[in-house]
Amino acid sequence: MRIIDHHIAGHTGGGAGRTGDVFDPNTGKVQARVNLGTRADLDRAVAAAQAAQPGWAATNPQRRARVMFRFKELVEANMQSLAELLASEHGKVVADAKGDIQRGLEVVEFACGIPHVLKGEYTQGAGPGIDVYSMRQPLGIGAGITPFNFPAMIPLWMGAVATACGNAFILKPSERDPSLPVRLSELFLEAGMPEGIFQVVHGDKEMVDAILDHPAIAAVSFVGSSDIAHYVYRRGVDAGKRVQAMGGAKNHGIVMPDADLDQVVADLTGAAFGSAGERCMALPVVVPVGDGTADALREKLIPAIDKLRVGVSTDAEAHYGPVVTAQHRARIEQWIQTGVDEGAELVVDGRGFTLQGHEEGFFIGPTLFDRVTPQMSAYKEEIFGPVLQIVRAPDFETALRLPSDHQYGNGVAIFTRNGHAAREFAARVNVGMVGINVPIPVPVAYHTFGGWKRSAFGDTNQHGMEGVKFWTKVKTVTQRWPDGGASGDSAFIIPTMG
C-alpha cells in the first residue's frame, strides 16, 4: 500500500504512527494511506522553517520572483500528470482538475510581480529635513490549512503569496486528497526554493490544533466549513496569531424576467453541478423572479439536467465525477431526504445513482428541488453536492433579501439585461462577491477573494493585494540626516507639527 508522507526538510520518512485512508472515489477502494502527523512532526517543520526563512527574506524580491516563474513553468510542463493525480484522489474530472491547478497558477503569476507590489510609500520633506518611508516585511512563518475540494488552487492562493513575500510556509492539506500538495512542494524545490520554505505536514484535528497553538507560527490562513473556520479563528487569535478563516457558502443566482433563460440554464448546469457541487462558489440556489420566470426556467432545466453525464474522473465526456467519500455522499443524500421531509418538491432525484462497472464508487446524480422556502433547513445549510434548489420570489426586493438575509455571504449572481437592476443589486446586496451574468464570480488573481457574514472570519481576504497585506507587516521609518553644521542649530520638529 502506498504511503503518503510529509514533505519536511530533512525528514526521511514516517514512523509507525497513525495513518488515514485515501480512497479512489471512482472505485470506492482505498488506494493509499497518509501519515497523520503529530506535534513533533510540526516542530521539525517549524525548526526547518526558522533556519531557512531569514535567508529567504534577505533574498531580493526579484530573485524570489524568478523562483515563481520557474515553478509556473514546471507546473505547466507537468499539467496532465498533476491533474490526473488530483482527480484520482478527489474524484473531479480531469478537465476540472486542470482548472483547479490553473486557477492556482494565476495566483503564482500575480506573485511573480512581487517586486512591484512590495514597494512601500515615501514622503520627502514631511518636516524640515525629514523624510518618511514605509516598508513591507515578512511575518516569519505562516501556515495554511486547506480543504479537500481544491487541493491545488487554495494551497497556491496562500503559499505562493506567503513565500513570495519572504515568509516560510507550512501547509496542512486535507487528508482526503494529500498527494497533489506534496507534489507541488517538490516542484517548488525543483524551481529553486530553499528547503524549509514550503513544507507539507499531514494530519487531522491534532495537527490543526498544533498549528494554531505553535508560538513560532505568526499567521494562519484557513478554508473550510464555517463552524471550523470560527473555531480556527478564535483559537488562532487567542494564541496571538494573525488569522483569516474562510467558511461555507450558500450562493444564490437571481434570475430576472428579462434574462436569457437559455444562457441561464447553461450557466446553472455548470455552476450547480460541476465538480459534483463540491465548491464554495457553486450556485446551489436559483431565485427566479415571478412565477412565469420560475415555470419557464424549470421547464428548460429538467431536460438540461437529464443530459448531464456523470462518469469516472478520466471520462473526457463526463460533466462531473464522484464525490470525495462515501460519508460525504451519505450526507448529501440525507440533505435530499430532509428537503423532501420539509415539503420541497423533488423534481429530479439523484439518489441511488450507480455507474456500470463502478458500482462501489461514490457517485450521486444531479438533483433538482422546486418550491424551496427560506424556512427550510435544507435551504439554510450548505449541502456541498450536486443539488440545485429553486426558491421562487415574487419581486426584485424579495429576491434581493434572500441572499442578503442568509447566514452565508460568499457569492451571489444576478442574470438580467437591465443595467439599472444589476447596478442596484450589486450595490445593495449583503454579500462579498457579486456576479452580473457571471454564475461563479471568483475574482481574478490580482483582485481579492472573500465573503461576508459566516463565510469569512477576519478582516483580510485571500490573494491580490489583500493577500500581500495579510502575509506582511508594515514598518514606517522617519529619518533626518544632519547637514554637518554645529549641533543645536535646529531643533527636531515632529512632521505633523511642522
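So, a few notes on the structure that sits alongside this text. A quick note: this is a predicted structure, and the numbers were derived from the prediction, not measured.

Sheet architecture is open: six strands sit in the order β8-β7-β6-β9-β10-β20, paired in mixed fashion. What marks the edges here is a single partner per strand, and that holds for β8 (198-200) and β20 (456-457). Across two bridges, the pairing between strand β10 (residues 242-246) and β20 is antiparallel. Along β20, the bridge assignment pairs Met246 with Ala456. Where helix α7 (residues 179-190) meets the sheet, it contacts β7 (168-172) and β8, and its direction lies at approximately 155 degrees from that of β8.

Another aspect to go through is the sheet that holds strand β5 (residues 130-138). An order of β4-β5-β21 is seen for the three strands of this open sheet, with the pairing classed as antiparallel. Only two strands of the sheet have a single neighbouring strand rather than two, namely β4 (122-127) and β21 (472-480). Mean inter-strand twist for the sheet, computed between neighbouring axes without regard to direction, equals 30 degrees.

Turning to the nonpolar core, a few remarks are in order. By size, the foremost hydrophobic cluster in this structure holds 92 residues, and its most contacted members are Phe71 and Trp471. Element by element, the count of residues in this core is highest for helix α6 (residues 153-164), at nine residues. Aside from chain neighbours lying at most four places away, what touches Phe71 is Leu105, Val108, Leu156, Leu184, Leu187, Phe188 and Ala191. In this structure, Val289, Val312, Val323 and Phe415 belong to the second largest nonpolar core, which totals 58 residues.

As a further point, take the packing of helix α10 (residues 261-273) against helix α11 (residues 291-306). Two elements in contact, α10 and α11, have axes separated by 10 Å at closest approach and are oriented at 55 degrees. Taken together, α10 and α11 sit at an angle that is classed as oblique. As α10 runs across α11, the sense of the crossing is right-handed. Between α10 and α11, the residues in contact are Leu261, Asp262, Val264, Val265, Leu268, Thr269 and Phe273 and Ala296, Leu297, Lys300, Leu301, Ala304 and Ile305, respectively. The residue makeup of the contact of α10 with α11, split by class, is ten nonpolar, one polar and two charged.

What follows concerns the environment of Gly277. Turning to its location among the elements, Gly277 is positioned in the loop between α10 and β12 (285-288). Separated by 190 residues in sequence, Gly277 and Ala87 place their C-alpha atoms 15 Å apart. When near neighbours in sequence (up to four residues on either side) are disregarded, Gly277 contacts Ala272, Ala282, Phe384, Gly385 and Pro386.

The next subject is helix α9 (residues 226-238). A rise of 1.5 Å per residue sets the reference length of α9, with its 13 residues, at 18 Å; its end C-alpha atoms lie 18 Å apart and thus fit the reference within 8%. Along α9, the positions that sit buried rather than exposed are Ser226, Ala229, Val232 and Gly236. Buried residues along α9 cover an arc of 115 degrees about the axis, so they all sit on one side. Exposed and facing more than 90 degrees away from the buried side of α9 are Asp227 and Asp238. Of the surrounding secondary structure, the elements contacted by the buried residues of α9 are α8 (205-213), β9 (219-223), β10, β16 (408-409) and β20.

Let us now look at the pattern of salt bridges. Tallying each qualifying case throughout the model produces 28 salt bridges. In this structure, the salt-bridge partner of Glu89 is Arg2, at a minimum N-O distance of 3.3 Å. Remark: Arg2 occurs in strand β1 (residues 2-4) and Glu89 occurs in helix α3 (residues 79-90); sequence separation between them is 87 residues. For Glu89, a relative accessible area of 2% puts it in the buried group. In this structure, Glu345 engages Arg298 in a salt bridge whose closest nitrogen and oxygen atoms are separated by 2.8 Å. Of the two residues, Glu345 is situated in strand β13 (residues 345-348) and Arg298 in helix α11; the sequence distance between them amounts to 47 residues. A relative accessible area of 29% places Glu345 in the partly exposed class. Connected through shared salt-bridge partners, Asp291, Asp295, Arg298, Glu345, Asp370, Arg371 and Arg392 make up one network.

With a phi angle near 55 degrees, Ala276 is a residue other than glycine that sits in the positive phi range. Even without being glycine, Asn437 reaches a positive phi, approximately 60 degrees. Within the secondary structure, Asn437 is located in the loop between β18 (433-436) and β19 (452-453). On the basis of relative accessible area, Asn437 is assigned to the partly exposed category, the value being 40%.

Further remarks concern the side chain of Glu382. Within the secondary structure, Glu382 sits in the loop between α13 (377-380) and β15 (387-390). Within the structure, Glu382 has its side chain in polar contact with the backbone nitrogen of Ala249 (distance 3.3 Å). Leaving out residues up to four positions away in the same chain, Glu382 has contacts with Gly248, Ala249, Lys250, Cys280, Arg331, Trp335 and Tyr408.

The rules behind these values
Residues numbered from 1 in each chain as written. Predicted model: local features only at pLDDT ≥ 70, side-chain atom pairs only at ≥ 80, totals over all residues. Heavy atoms only, no water. Pairing = 2+ DSSP bridges. Helix = DSSP H or I, 4+ residues; strand = E, 2+ residues; numbered from the N terminus. Contact = heavy atoms within 4.5 Å. Axes fitted to C-alpha atoms, helices over the stretch in contact; angles between N-to-C directions. Core = buried A, V, L, I, M, F, W, Y, C linked by side-chain atoms within 4.5 Å. Buried < 20%, exposed > 50% of the residue type's maximum accessible area, 1.4 Å probe, protein only. Parallel < 35°, antiparallel > 145°, perpendicular 65-115°, else oblique. Left-handed = near helix turned anticlockwise from the far one by under 90°. Nonpolar A, V, L, I, M, F, W, Y, C, P; charged D, E, K, R; others polar. Expected span 1.5 Å × (residues − 1). Arc of directions from axis to C-beta. Salt bridge = Lys/Arg side-chain N within 4 Å of Asp/Glu carboxyl O. Polar contact = N/O pair within 3.5 Å; in protein donor to acceptor, adjacent residues only side chain to side chain.

No statement about biological role is implied by the geometric values presented.
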